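Results of the structural survey
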Amino acid sequence: MERKAVLIYLRDVRDLEFAKRKLSELYEQEKKKVKQKLEYLETPHYCDEVQKNWIPSAIALGVFGVMTLICFLIMQMRSYTLVDLMRSTVFRTFFWTLLIIFVVLLILTIIDVVKSDRRLTEAREANERERERLEENEPEVRRVKSYWEKRSKYLKDQYSTVCRLLDSYYSQNLIAKPYRNLPSLIYLYDFMSTSQSTLSEAQYHAHLEEGIKKIEAKLDTVVKQKEKNIFYQRISEAHDRALISQHKRMIESLRKTDHNNVNVAEYAQLSDNYGETVEFFGKAEYLEEK
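Quick look at the structure, then. Values in this document were obtained by computation on a predicted structure and should not be read as measured data.

**Overview of the overall build of the protein chain**
Regarding its fold elements, the protein chain presents nine helices and zero strands. Each helix and strand of the protein chain, ordered N terminal to C terminal, gives the series α-α-α-α-α-α-α-α-α. Expressed as a percentage of the 290 residues in the protein chain, the buried residues total 36%. Carbon together with sulfur atoms contributes 56% to the accessible area of the protein chain, which is approximately 18,700 Å² in total.

Right under this line is the structure:
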């Protein structure tokens, strides 16, 4: 295959590999956003409405209350001896201590009951608002799910189209299998577009593996630097009928002047693949989205 046709071939497969990577990223990014939005819209955030168990507090109050009452009754008994008088003093001290503890516990329990009741009321009101929010979100949930069903299908179809075109290009066996990947295609296209080498020479170039490894080591940076311009050029060129016609005429001319049946078939396949690739990029404005 003539070198100028090979450059069209290499450029197409390189740019389709860029598109394949971008589509995969777009799908995952949008899927994540939709998932987060649906989680917010659908996931209930209810407050606990558990009534506090007052039995332990009631038992403690009861025990201190009974003990206080017993001490009070003992103090009401008349004392005639010194021992009885001492006992009376001890019991009075014990009684007042119990009474103070009992009153403090009673006050704290009442305060806790009031606060707990208020928290329970607030929780019930918050949960009611949450139920209303979820009901109000139902139309938006249906809209988001419907949108994502269509959008995900579209992105998957676009991805399948790219994969199909790449399979068709690779089936021509112009590129060795180890080099059918984005880093290798970036290197091969850059190398051939800046030299007069043939594709065979480029694939057996002494510095090929080293050059590919350098690109692989900083692939994310290289992609970020190149993809914006690549997608802009491909989408713009897809609407440039004069340029498209020029490329097609060139491929057709090579096909007609080549007497090798294998090459003729390759040019015919290149022409078909080029036409589909142009059509794909002509409808792929989403690739330029940030």
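**A few points about a nonpolar patch on the surface**
Taken together, Ile100, Val103, Val104, Ile107, Leu108 and Ile111 make up a surface patch of nonpolar side chains, about 510 Å² in accessible area. Inspection of the secondary structure puts Val103 in helix α3 (residues 82-170).

**Comments concerning helix α9 (residues 261-282)**
An ideal rise of 1.5 Å per residue puts 32 Å on 22 residues; α9 measures up with 32 Å between its terminal C-alpha atoms. Among the residues of α9, those classed as buried are Asn263, Glu266, Tyr267, Leu270, Asn273, Tyr274, Thr277, Val278, Phe280, Phe281 and Gly282.

**Overview of the pattern of salt bridges**
In total, this model carries 19 salt bridges according to the counting rule given. The salt bridge partner of Arg164 is Glu276, with a shortest N-O separation of 2.9 Å. Linking Arg164 in helix α3 with Glu276 in helix α9, this pair joins segments that are 112 residues apart in sequence. Classification of Glu276 by relative accessible area gives partly exposed; the value is 30%. A single salt-bridge network, built from bridges that share partners, covers Asp12, Arg14, Asp15 and Arg234.

**Examining helix α7 (residues 219-237)**
Each α-helix winds once per 3.6 residues, and so residues spaced three or four apart point in a common direction. Given a rise of 1.5 Å per residue, 19 residues ought to cover 27 Å, and the 25 Å separating the end C-alpha atoms of α7 matches this to within 8%. Packed against the buried residues of α7 are α1 (3-42), α4 (182-193), α6 (208-217) and α9.

**Some details on the nonpolar core**
Soluble, globular proteins show a tendency: their nonpolar side chains are buried together. Grouped together as the largest cluster of nonpolar side chains are 60 residues, with contacts concentrated most on Tyr9, Leu10, Ile175, Phe280 and Leu287. Contributions of two or more residues to this core are made by α1, α3, α4, α5 (199-203), α6, α7, α8 (241-257) and α9. Top contributing element to this core by residue count: α1, with 16 residues. Non-local contacts of Ile175, meaning those with residues more than four positions away in its chain, are made with Tyr9, Leu10, Val13, Arg180, Leu185, Leu188, Leu199 and Gln203.

**Topic: the packing of aromatic side chains**
For any pair of aromatic rings, the description consists of the separation of the ring centres together with the inter-plane angle of the planes. One pass over the full model with this rule turns up five aromatic pairs. Seen in terms of ring centroids, Tyr27 and Trp148 are 5.5 Å apart; in terms of plane orientation they differ by 40°. Their pairing is tilted. Placement of the pair is Tyr27 in helix α1 and Trp148 in helix α3, with a sequence separation of 121 residues. The two residues Tyr27 and Trp148 agree in class, both being buried. Lying across the ring of Tyr40, Arg133 places its NZ or CZ 5.0 Å from the centre.

What counts, and at which threshold
Residues numbered from 1 in each chain as written. Predicted model: local features only at pLDDT ≥ 70, side-chain atom pairs only at ≥ 80, totals over all residues. Heavy atoms only, no water. Helix = DSSP H or I, 4+ residues; strand = E, 2+ residues; numbered from the N terminus. Buried < 20%, exposed > 50% of the residue type's maximum accessible area, 1.4 Å probe, protein only. Areas by Shrake-Rupley, 256 points an atom, 1.4 Å probe, with all protein chains shown as cover. Patch = residues over 30% accessible without salt bridge, like charges linked within 9 Å, V, L, I, M, F, W, Y side chains within 5 Å. Salt bridge = Lys/Arg side-chain N within 4 Å of Asp/Glu carboxyl O. Expected span 1.5 Å × (residues − 1). Contact = heavy atoms within 4.5 Å. Core = buried A, V, L, I, M, F, W, Y, C linked by side-chain atoms within 4.5 Å. Phe/Tyr/Trp six-rings, centres within 6.5 Å; stacked < 30°, edge-to-face > 60°. Lys NZ or Arg CZ within 6 Å of the ring centre and 35° of its normal.

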